[in-house]
Every structure is written in C-alpha cells, then in structure tokens.
Amino acid sequence: GESVGLHLPTLSVQEGDNSIINCAYSNSASDYFIWYKQESGKGPQFIIDIRSNMDKRQGQRVTVLLNKTVKHLSLQIAATQPGDSAVYFCAENTGTYKYIFGTGTRLKVLA
Amino acid sequence: DAGITQSPRHKVTETGTPVTLRCHQTENHRYMYWYRQDPGHGLRLIHYSYGVKDTDKGEVSDGYSVSRSKTEDFLLTLESATSSQTSVYFCAISSTDYNEQFFGPGTRLTVL
C-alpha cells in the first residue's frame, strides 16, 4: 500500500536514461544530508549521504550534489532501471536527533 | 531492513482503545526512533531513545508514550487511540546521533 502522499511530484524517465531528483532544504545550518528510497509498502532505504564540507559524493550509480549557496540537494541516478521506481526523499540534519524529511518525488521508469 | 522488525505490521483498532507497537533490532544500536508518515508530510518524529530507559519527545509526541527497557526493544504506546493517529509508523535505528538512520518495514495503523 501507499505510504506517502498521493499527489507527489512525479519524474518519468526512460529505462537506461539518467535521472535527476531535486530537493530544496530549509535550514542553512544543516550540515548533514541523506537520500532515501521508499518502495510501496516498505520502509525508507538509505541510498547515500553527504556532509556540508563536500559538494559531491558518488556511490554505485548514484551521485549526490550539494549546493549550500541556494540550499539545494540533488540525486543523480545513472542508467535508470525498472527497480529504481520508487519515491525518493531527502533528509537534512538540523541538530542532534533532529531531521527534517522531505515529502518526496515519485520516480517512474518507463520500459 | 538492517535487522529491524516491527510488530504488528497492520492493525485496525477502535477509538479510545490502547495500542502498543513494537520495534525490535538486532544491530545493538544505541539510538532508536519512532516516526509517523502521513500523506503530504515528510516523516515526523514522535519520540526517540538514546539508551536504555533514556527517551525524549519529538515534534508530534502528544498522545504517545514510549518505553525502552532493553537495547533491542522500543515500544510505542497510544494510550487512547484517536482517528488522527491513523498513520504508518516507522521505527528507525542509528549507531550515533549524527549519522544515517535505518528504518524498519513499518506498521499501518487504522483507528476507526
């Protein structure tokens, strides 16, 4: 079943293309950020994180970019696959134990 | 799900009844959290624990209480469930208070 909002922004990409998902964060003092993937009916799954002393970090097929000047975070997924279809959301750490989570973007991969 | 289980996975209850949700971890992580997830909202923190018997309130704690008597278990109790507590509840764990949180599979709670 659905565990997030029914009217999320949706990004549709062709299988094999690259995907870029964006997130605007709210607190200029936030210094740690996480991207999560959430499939329908499941819990959020950690994808990649980045600290504010970096502006780019790469994982396996994923890259996170951080622009502190405009408080913007992006997740790039290379060679998008059907298994990448999910809701993606960012989280910012605003202090001890405290995270602000975005509502997310739905990624649809078209065959 | 990083060694985290939640029980029950689904529950339907009536307004005014008490409900307890359980989170169990096998990672021996010190920090545990309870969140709720609702349409149009990001995950919101209900309560968290930074050790056995050490808990504190999150941003939406009204109507909820928690207990942690063992490292591996974190219980969330709705003393008297209301329809506004219909939600999906997620437990999360982390090894420190400043790194990634790993989430359980969730509990879908419906209060009629």
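Residues numbered from 1 in each chain as written. Chains lettered and ligands numbered in written order. Predicted model: local features only at pLDDT ≥ 70, side-chain atom pairs only at ≥ 80, totals over all residues. Heavy atoms only, no water.

To continue, consider the overall build of chain A. Regarding its fold elements, chain A presents zero helices and ten strands. When the helices and strands of chain A are placed in sequence order, the string is β-β-β-β-β-β-β-β-β-β. Against the globule reference of 13 Å for 111 residues, chain A gives a C-alpha radius of gyration of 14 Å, in line with a compact fold. Taken over the C-alpha atoms alone, chain A extends approximately 40 × 25 × 20 Å along its principal axes. Here chain A holds 111 residues, and 43% of them are scored as buried. Look at the contacts in chain A between residues 6 or more apart in sequence, and 54% of them connect residues 24 or more apart. Accessible surface, chain A: about 5500 Å² in total, of which carbon and sulfur atoms supply 48%. (Helix = DSSP H or I, 4+ residues; strand = E, 2+ residues; numbered from the N terminus. Rg over C-alpha atoms; globule rule 2.2 N^0.38 Å. Buried < 20%, exposed > 50% of the residue type's maximum accessible area, 1.4 Å probe, protein only. Contact = heavy atoms within 4.5 Å. Areas by Shrake-Rupley, 256 points an atom, 1.4 Å probe, with all protein chains shown as cover.)

Chain B puts 24 residues into the contact, and the matching count from chain A is 25 residues. Interface of chain B and chain A: buried area, both sides summed, is about 2000 Å²; carbon and sulfur atoms make up 54% of it. Here chain B is connected to chain A by zero salt bridges. Between the two partners, chain B and chain A, sit four residue pairs in polar contact (both at pLDDT 80 or more). Elements supplying a minimum of two residues to the side of chain B that touches chain A: strand S4 (31-37), strand S5 (44-51) and strand S10 (102-103) of chain B. Among the elements that make up the side of chain B that touches chain A, the one with the highest residue count is S4 of chain B (four residues). For the side of chain B that touches chain A, the class distribution of residues is 13 nonpolar, seven polar and four charged. (Buried area = accessible area lost by both parts, 1.4 Å probe. Salt bridge = Lys/Arg side-chain N within 4 Å of Asp/Glu carboxyl O. Polar contact = N/O pair within 3.5 Å; in protein donor to acceptor, adjacent residues only side chain to side chain. Nonpolar A, V, L, I, M, F, W, Y, C, P; charged D, E, K, R; others polar.)

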